[in-house]
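# Geometric and topological summary
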Protein chains: 6
Amino acid sequence: MPTVVTLGEAMVVFTSEEYIPLEYATSFKKGLGGAEANFAVGVRRLGVDVGWISRIGKDPFGNFIIKNLKSEGVDVSGVKIDEDHPTGIYFKEKRNSIIANVYYYRKGSAASFMVPEDLDEGYIASAKILHITGITPALSDTCRATVYKAIEIAKSHNITISFDPNIRLKLWKDNEYKRVLLDIAQYADIVLPGLEEGKMLFGITEPESIAKKFLDMGAKIVALKLGNKGAMLVTQEQTIYQLSSKVKEVDPVGAGDGFDAGFIVGLLRGWELKECLRLANDVGAIVVSTKGDMEGLPTMEEVEIFRGNMVHIER
Amino acid sequence: MPTVVTLGEAMVVFTSEEYIPLEYATSFKKGLGGAEANFAVGVRRLGVDVGWISRIGKDPFGNFIIKNLKSEGVDVSGVKIDEDHPTGIYFKEKRNSIIANVYYYRKGSAASFMVPEDLDEGYIASAKILHITGITPALSDTCRATVYKAIEIAKSHNITISFDPNIRLKLWKDNEYKRVLLDIAQYADIVLPGLEEGKMLFGITEPESIAKKFLDMGAKIVALKLGNKGAMLVTQEQTIYQLSSKVKEVDPVGAGDGFDAGFIVGLLRGWELKECLRLANDVGAIVVSTKGDMEGLPTMEEVEIFRGNMVHIER
Amino acid sequence: MPTVVTLGEAMVVFTSEEYIPLEYATSFKKGLGGAEANFAVGVRRLGVDVGWISRIGKDPFGNFIIKNLKSEGVDVSGVKIDEDHPTGIYFKEKRNSIIANVYYYRKGSAASFMVPEDLDEGYIASAKILHITGITPALSDTCRATVYKAIEIAKSHNITISFDPNIRLKLWKDNEYKRVLLDIAQYADIVLPGLEEGKMLFGITEPESIAKKFLDMGAKIVALKLGNKGAMLVTQEQTIYQLSSKVKEVDPVGAGDGFDAGFIVGLLRGWELKECLRLANDVGAIVVSTKGDMEGLPTMEEVEIFRGNMVHIER
Amino acid sequence: MPTVVTLGEAMVVFTSEEYIPLEYATSFKKGLGGAEANFAVGVRRLGVDVGWISRIGKDPFGNFIIKNLKSEGVDVSGVKIDEDHPTGIYFKEKRNSIIANVYYYRKGSAASFMVPEDLDEGYIASAKILHITGITPALSDTCRATVYKAIEIAKSHNITISFDPNIRLKLWKDNEYKRVLLDIAQYADIVLPGLEEGKMLFGITEPESIAKKFLDMGAKIVALKLGNKGAMLVTQEQTIYQLSSKVKEVDPVGAGDGFDAGFIVGLLRGWELKECLRLANDVGAIVVSTKGDMEGLPTMEEVEIFRGNMVHIER
Amino acid sequence: MPTVVTLGEAMVVFTSEEYIPLEYATSFKKGLGGAEANFAVGVRRLGVDVGWISRIGKDPFGNFIIKNLKSEGVDVSGVKIDEDHPTGIYFKEKRNSIIANVYYYRKGSAASFMVPEDLDEGYIASAKILHITGITPALSDTCRATVYKAIEIAKSHNITISFDPNIRLKLWKDNEYKRVLLDIAQYADIVLPGLEEGKMLFGITEPESIAKKFLDMGAKIVALKLGNKGAMLVTQEQTIYQLSSKVKEVDPVGAGDGFDAGFIVGLLRGWELKECLRLANDVGAIVVSTKGDMEGLPTMEEVEIFRGNMVHIER
Amino acid sequence: MPTVVTLGEAMVVFTSEEYIPLEYATSFKKGLGGAEANFAVGVRRLGVDVGWISRIGKDPFGNFIIKNLKSEGVDVSGVKIDEDHPTGIYFKEKRNSIIANVYYYRKGSAASFMVPEDLDEGYIASAKILHITGITPALSDTCRATVYKAIEIAKSHNITISFDPNIRLKLWKDNEYKRVLLDIAQYADIVLPGLEEGKMLFGITEPESIAKKFLDMGAKIVALKLGNKGAMLVTQEQTIYQLSSKVKEVDPVGAGDGFDAGFIVGLLRGWELKECLRLANDVGAIVVSTKGDMEGLPTMEEVEIFRGNMVHIER
């Protein structure tokens, strides 16, 4: 039984690799996307057992997702195959260095049909961390119910809950996300938001004040991502600020998920909070400097090489 | 106002260009698919004005479709942009030379929201041919109603109706297609089925008998496609059989649409039926021997070159 | 009849996408190049009717050009097909970040055979703007005569003339360009030069002084492009300086044409000069940050999104 | 513990996808090769548990191999990571339709350092089939000793041994292969040779006589592969000949491994020999008609679709 | 000084690798084309010294050509660099398996400015064979004069002249080719035409009669290429017919040049005519079965492997 | 006989062109690598005759190397073809902007079997410069002996020896490199180290002190590469510091070899040391700003264009 459990949708993502409007792009690369799946791979590469709960379609894209996660050692025994609905997909468009878009084909996807009955209480109960994001409750009513059911199970077994708001405006009607995500946040022990998300949820812009809001709602630890400025950790007792390592940004997607994975793994290893934050930051930086959502997620050994990059590099 | 009018869904199609299961394919080419759009381009390249009626999403894929059809000179003034629903897409998989599949993401697409009110009576009324396929009525109830409305307009203005059954089993529940397509066939003056479709609709396998069935239902001309064996034309008065030119098959998709386009253009030019069938056959053969659904559709000049291919070819 | 009319050569451009000498490049992408065609697409995307006058060869490259411009909605009724001469092409070489070259195969191209008789007086007469560049008069004697003829028509019908010097040294013998371009500049109401071009024409380097030179020759408005430093607008009454938006430069080609398009569209909308300059600048910046000469040209809606890029971007 | 166990080297294979001498090829695709790994994936896809024993290097190519096999569900608990030696690789060259070559970089590879001590007796003892090929004993003395050790374990636990000679002349000195492979063949219950291999080992060309030779040496079943002519099964009691399904050959590599996998799975299901041979043949045909060594290996469901390919295929 | 000397134009050729009209192709591969350059490489690979005389532009494409020929060991000391004119290029279009086209950009190319003064009498005089084709005299008046000058030098030094008519209709006005090529043929000792060319020159279709025509004009040996049917050699004394080896046709371009090279090398080695014809045929077959104009030209060792292809091929 | 002679291993290098771990890369480009081969091409492009001594395998990769060097005009008469050992290859991995790796398959390569007997005394004796690097002595004992033999020949004929330490830790056991390279350095007249290498050899970090160490060991000139900070030249008489031109770094590999080539060519031309250093710097900068190890090496003409890059560049 895995030490960390998460649930959510994984999708196949199609990317054109140039700064060009999607209508003019002629060829696309297939990849794997999905915040919770990224997180799971991140945790596994850092050496901790992890399980990912979801639904996928009985189609080549579902096979692609499940085989990729298996190859990384993520436990997929909690994944159901939905014969009636397709695996979700999406397209990434980079019009230019300012304008970027995603186009989802995930409405009615297999994952959006997750139901509370998909959850195996024992599976969650034997974990130490349940990690949830703000994406899953936006997918459908049954997905939202599934998230609440997972929270309920975790609470009843004293499993620590970590929560990344991961606001995707395209998935929400109007401002509904505020109500739902703030409600979920109440149950979280660890909250891992981005600064921008803090602003959207509370309408305030000062990092520490945002973190305090979450603490007031019950969180014990808030690790706030500040992009290429680093990260800030706030508890009732202390505030720690950590600069980010300087890397060439190649592909920012997946950095937040890597951050979450690094932080949770640090905690599970019993490290000091400052060290957890440093690992989170470094994993995020490595992901940002590598192509692909998932390919850049490092092993512990690679984190060490990254940190010691002053040693001679042969090319 | 165009001489030929057709209506249906166009989609963006993503293809991996090797015989490889979709789950292992890594890169995909973007193209334009859709039987009626293919037909429209085919008619236009052969020199006849044509209009295509549809709905597309307000997204890059919709732009791609509309710009492509514009570039070919197809009249798109009857196309509505649907702000609320995406343009349909699909994936083609060639597992090997025996097994091929398509994976649609067209449920709830913009085109599936076509309604009878989208039709402009004067637009259809001023044409000489209305071309419909068996795909559109399978897309949604409103699409089916739209097809019937178009038939009603055509009938009330004495516009000739041509009909290609184009059976797509993935779009139909069970055997519902039989009832619907046979009902529509009653209104058609010209029917352009494949041999396989004849078998599916009537449960009989002999080409001439299949054609007779359509004649009994009211058709004046039946042009039956026999794949690489050529085609057979049947009216109350005569049966004409025409062999196919021998070409290397590169990509069979779109050949039937090209056949339809060639046949209709021949008729509109007042050619003898035998010559119409020959043009239909040759257009189909050229499409089959070229990559892409639409790229291979020939101009009249290219048909002539094709026919005279015994002249010296410089390489 | 279009509101804006321009004339010039469009070519197919082949690019190797790496910093590598052309002799070592192994694969090339096909695109569409040509300052006036870029300008026309830019104007059209911003919502104003535009016609492009030219000659293309009766060959696949001519088809490619004409279909692309049609797909964008540019009026091509003034384009002649030349059966005897090929469509011009060229190759772009980026040796490295310092040395770049172009290799033209346009001598004797279809467009170089444009003649004054190709022009339809009524077509130009019904426009509001005639846009010419310094490239066309360099192509051949007949092209130069055609440009003068267009100017003559415009003048006799009180059509505003805008002029972008667009100096291409490879097309000119020695310093002949000075004489010709300064002669043409006399007829222009609006001049849209680059700073470098000002230096080449007048031998002076101070932006405002360069602009004054053009005003002295009869121009009413001079909008001087200063690259990533922005742009300066000078009239007899005022001088306006506008900084450029900060973008990641992806492909600088076409930025000047986009600038011209933005400026002219602003004027046609009756905007204040400062707003015209801002639109020109923003269109240029968007083009610079996108791959391809033409693909990045924005719609008005995309300009708005670009300007409001501080809103949350989902990736 | 897996039902089938095999051991051997897997390599990363680099292929240029055109008929072009390797020295002129400019780009290469990475894939996974190795007869026993192919066999293992084939068995797994057909629904039977399988374990693959080997050594891989501690390098990206080793990771690639192990992750791929994991993703397919092959048990890799018997794989050792060798920190001192690299994972083997090779290049495939198709000069033209007549001349093909491979270029190995596998001398001193991790797998060539397999030793008898790598084997876990219990792991093999709990299987029903041990599958070995003639490649492994050619890799090194320790590899040969490891094969003999595996045979010894199998024999002492009454595990059925299947053997595919898989002669690779590049790996053998002169005619040494004859002595070694004929010695190993004595221990095999099932022998799965190609016709060509029969000729090389015994110097005779008649299929049934070749099979008899193996039966005389102690084999109970010989299934002889006859390429696109099908296969022949010979036991003391009967001779069965089975034609091959007609497919378009896309990539012949891996077909023999697929044949072996199909045959063994049929046996394990308790099927009649004729049915085992049919499955072997069909798996081989599907692999031959698909790109890649491993990608084409079918599931049972795909075999059924392949067999029923007369049903309507939507494209 | 090389044993064989030839003269002609080499060009850079751009190919789209699919059966698709050129206007829709998006990416192109760069290669090297030109009958005499192919011939020269063919001769060199078979082990005989050869020199190629031409002009190239001072541009990357000229560099590409000269470096490629140098790398193959062709003597290029007789090549002039023309600073004023570009290297010729062309595009190959394969619309489908029936229609193929080339689009030349070679008018005014560097090579078309070859003049008799470019020839070094001693260079030709010290060779044993001068090989000319019917392409060079079609390029320009000065090229034609250069060919006649080369013939004159060869004749005055008793150098054997071999001649391949290589009719390229696109380069000739009307039927002018007949007059010119038949005039040149009078000077040839060895003529190496295709059957189709024989028909075009003499209006007769029977192979042996065509050959006789050339013999009547003074040739000593005529080796007539019959495509995939093989070749026929005719002298005053004998007629030899040789079947072609059966290969999968991958790219027919360059096969005739390879045939010429094989035949000439056989003669220079003093082989019997039958053996010369066999080598010519086999070289042609190998080229046809390999991608690229030049890449497939074999060494003598590869010819041997090709002939002995019955030996075991490892894949 | 060439003016400059060098010896070492050239390899085929396979690169994935993205920041992605090698295990996830799917396609690779083939190139040519090897410090001494780079150096030789650099010298040749700058206009000085150069010979490269080595061994290559009798395989397509050996052909590729030898043909490439021939095409550049490098004298390869001193290269032996080793029928028993393969040409070395390697893979470059760019995990991200911080972590880069190489994976060699060069153990037991043809070049590692170089022996002193491969050297032709007259060939070296007639040169003015012998250039050696610290890579060759690391390849094998016989390679090391060959380097010493070359030094001995050079010394006995008063040939100037230039030496680039080129430390490749992967090729050395522990700190063995210090002993060997410092021993070789004693024989060098010109030493061309990187700053980092100076630190590794002497354990000191101050550029001038590092240079002095080499002078103390007998060098007459030390040109120390300081990366993008430029270079420093130190002799007994003077110290010259030269800033680097500012370029966009595209591919740093080969820059050091280009630096060496520029410096040596300057010396051979009898230039002042400051000018030699400037050429070395500029060649290095041009290489760094171009893709590929070798493709960016400039001709003297290109160096001039680079230096005068303020002139108008047409794009």
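Residues numbered from 1 in each chain as written. Chains lettered and ligands numbered in written order. Predicted model: local features only at pLDDT ≥ 70, side-chain atom pairs only at ≥ 80, totals over all residues. Heavy atoms only, no water.

Looking at an unreviewed UniProt entry, one finds chain A named Sugar kinase, ribokinase family, with Thermoanaerobacter thermohydrosulfuricus WC1 as its source organism. Heading Sequence similarities (unreviewed entry) of the UniProt record for chain A holds this comment: "Belongs to the carbohydrate kinase PfkB family." (UniProt positions renumbered as here; feature names shortened; annotations may be inferred.)

### What to know about unusual backbone geometry
Residues and elements named next belong to chain D. The phi angle at Asn 158 is positive, at roughly 60°, despite the residue not being glycine. Within the fold, Asn 158 resides in the loop between helix H5 (141-156) and strand E9 (160-164). Here Asn 158 falls in the exposed class, since its relative accessible area comes to 71%. (Helix = DSSP H or I, 4+ residues; strand = E, 2+ residues; numbered from the N terminus. Buried < 20%, exposed > 50% of the residue type's maximum accessible area, 1.4 Å probe, protein only.)

### Things to note about helix H1 (residues 35-45) of chain A
Residues and elements named next belong to chain A. Counting buried positions along H1 yields ten of eleven residues, so the element is predominantly enclosed. Within H1, burial applies to Ala 35, Glu 36, Ala 37, Asn 38, Phe 39, Ala 40, Val 41, Gly 42, Val 43 and Arg 45. Phi for Gly 47, located one or two positions after H1, is positive at around 105°.

### Digging into the interface of chain B and chain A
Between chain B and chain A, the contact holds 23 residues from the first and 23 residues from the second. Both faces combined, the contact of chain B with chain A buries some 2100 Å², and carbon together with sulfur accounts for 60% of it. Looking only at chain B, the three residues that lose the most surface to chain A are Glu23(B), Pro60(B) and Tyr105(B), adding up to 32% of its buried area. Linking Lys67(A) and Glu23(B) is a salt bridge whose minimum nitrogen-to-oxygen distance equals 2.9 Å. (Contact = heavy atoms within 4.5 Å. Buried area = accessible area lost by both parts, 1.4 Å probe. Salt bridge = Lys/Arg side-chain N within 4 Å of Asp/Glu carboxyl O.)

### Quick notes on helix H7 (residues 195-202) of chain B
Among the residues making up H7(B), those that are buried are Glu197(B), Gly198(B), Met200(B), Leu201(B) and Phe202(B). Just downstream of H7(B) lies Gly203(B), where phi reads positive at about 70°.

### Section: the packing of aromatic side chains
Tallied over the entire structure, the rule returns 63 aromatic pairs over all chains. Centroid distance Phe28(A) to Phe14(B): 5.4 Å. Interplanar angle 85°. Geometry classified as edge-to-face. Taken together, the residues Phe28(A) in strand E3 (residues 27-33) and Phe14(B) in strand E2 (residues 11-15) connect one chain to another. With a relative accessible area of 0%, Phe28(A) lands in the buried category. With centroids separated by 5.0 Å and ring planes inclined at 75°, the aromatic side chains of Phe202(D) and Phe214(D) adopt a geometry described as edge-to-face. (Phe/Tyr/Trp six-rings, centres within 6.5 Å; stacked < 30°, edge-to-face > 60°.)

### Thoughts on empty space enclosed by the protein
For the structure on display, the rule yields two cavities of 30 Å³ or more. By volume, the largest cavity amounts to about 40 Å³. Lining of the largest cavity is provided by Pro21(D), Arg95(D), Asn96(D), Ile99(D), Ile286(E), Thr290(E), Gly296(E), Pro298(E) and Glu302(E). Residues that form the lining of the largest cavity fall into these classes: four nonpolar, three polar and two charged. Taken as a whole, the second largest cavity holds about 30 Å³ of empty space. In this structure, the second largest cavity is lined by Pro21(A), Arg95(A), Asn96(A), Ile99(A), Ile286(C), Thr290(C), Gly296(C) and Glu302(C). Among the residues forming the lining of the second largest cavity, the class breakdown is three nonpolar, three polar and two charged. (1 Å grid on protein atoms, 1.4 Å probe; cavity = no way out; pocket = protein on both sides within 12 Å on 5 of 7 lines; lining within 4 Å. Points joined across faces, edges and corners; volume = space filled by probe spheres on them. Nonpolar A, V, L, I, M, F, W, Y, C, P; charged D, E, K, R; others polar.)

### Considering the nonpolar core
Grouped together as the largest cluster of nonpolar side chains are 124 residues, with contacts concentrated most on Trp52(C), Phe91(C), Phe263(C), Trp52(E), Phe91(E) and Phe263(E). If sequence neighbours within four positions are ignored, Phe91(E) has contacts with Phe14(C), Phe61(C), Ile89(C), Phe91(C), Phe14(E), Leu22(E), Phe28(E), Asn101(E), Val102(E), Tyr103(E) and Tyr105(E). (Core = buried A, V, L, I, M, F, W, Y, C linked by side-chain atoms within 4.5 Å.)

### Let's talk about the pairing of E9(D)
One face of the sheet, then the other: side chains in a regular strand alternate in exactly this way. Residue and element names in this part refer to chain D. For E9, the buried fraction is high: four of the five residues fall into the buried class. Pairing geometry for strand E8 (residues 129-133) and E9, over five bridges, is parallel. Bridging from a neighbouring strand, Ile 132 pairs with Phe 163 of E9. Here E9 pairs with strand E10 (residues 190-191) via two bridges, running parallel. The partner of Ser 162 across the bridge, within E10, is Ile 190. Since E9 and E10 lie parallel, the crossover through helix H6 (residues 176-185) that links them has a hand, and here it is right-handed. (Pairing = 2+ DSSP bridges. Right-handed = clockwise from strand over helix to strand, strands pointing away.)

### Some words on the sheet that holds strand E2 (residues 11-15) of chain E
Pairing is mixed in the open sheet, where eight strands are placed in the order E7(C)-E6(C)-E2(C)-E3(C)-E3(E)-E2(E)-E6(E)-E7(E). Both edges of this open sheet fall to strand E7 (100-105) of chain C together with strand E7 (100-105) of chain E, since each of them pairs with a single strand only. The mean angle between the axes of side-by-side strands here comes to 30°, regardless of whether they run parallel or antiparallel. As paired elements, E2(E) and strand E3 (residues 27-33) of chain E share five bridges and run antiparallel to each other. Its bridge partner lying in E3(E), Val12(E) is registered against Leu32(E). Where helix H2 (residues 60-71) of chain E meets the sheet, it contacts strand E6 (89-94) and E7 of chain C together with E2, E3 and strand E6 (89-94) of chain E, and its direction lies at approximately 55° from that of E3(E). (Axes fitted to C-alpha atoms, helices over the stretch in contact; angles between N-to-C directions.)

### Focus on the packing of helix H1 (residues 35-45) of chain C against helix H9 (residues 255-268) of chain C
All names here are of chain C. Put simply, H1 and H9 touch, their axes get as near as 8 Å, and they point 40° apart. Taken together, the axes of H1 and H9 are oblique relative to one another. As H1 packs across H9, the resulting crossing turns out to be right-handed. Side by side, H1 and H9 meet where Ala 35, Asn 38, Phe 39, Gly 42 and Val 43 of the first sit next to Asp 257, Asp 260, Ala 261, Ile 264 and Val 265 of the second. Classifying every residue of the contact of H1 with H9 gives six nonpolar, two polar and two charged. (Parallel < 35°, antiparallel > 145°, perpendicular 65-115°, else oblique. Left-handed = near helix turned anticlockwise from the far one by under 90°.)

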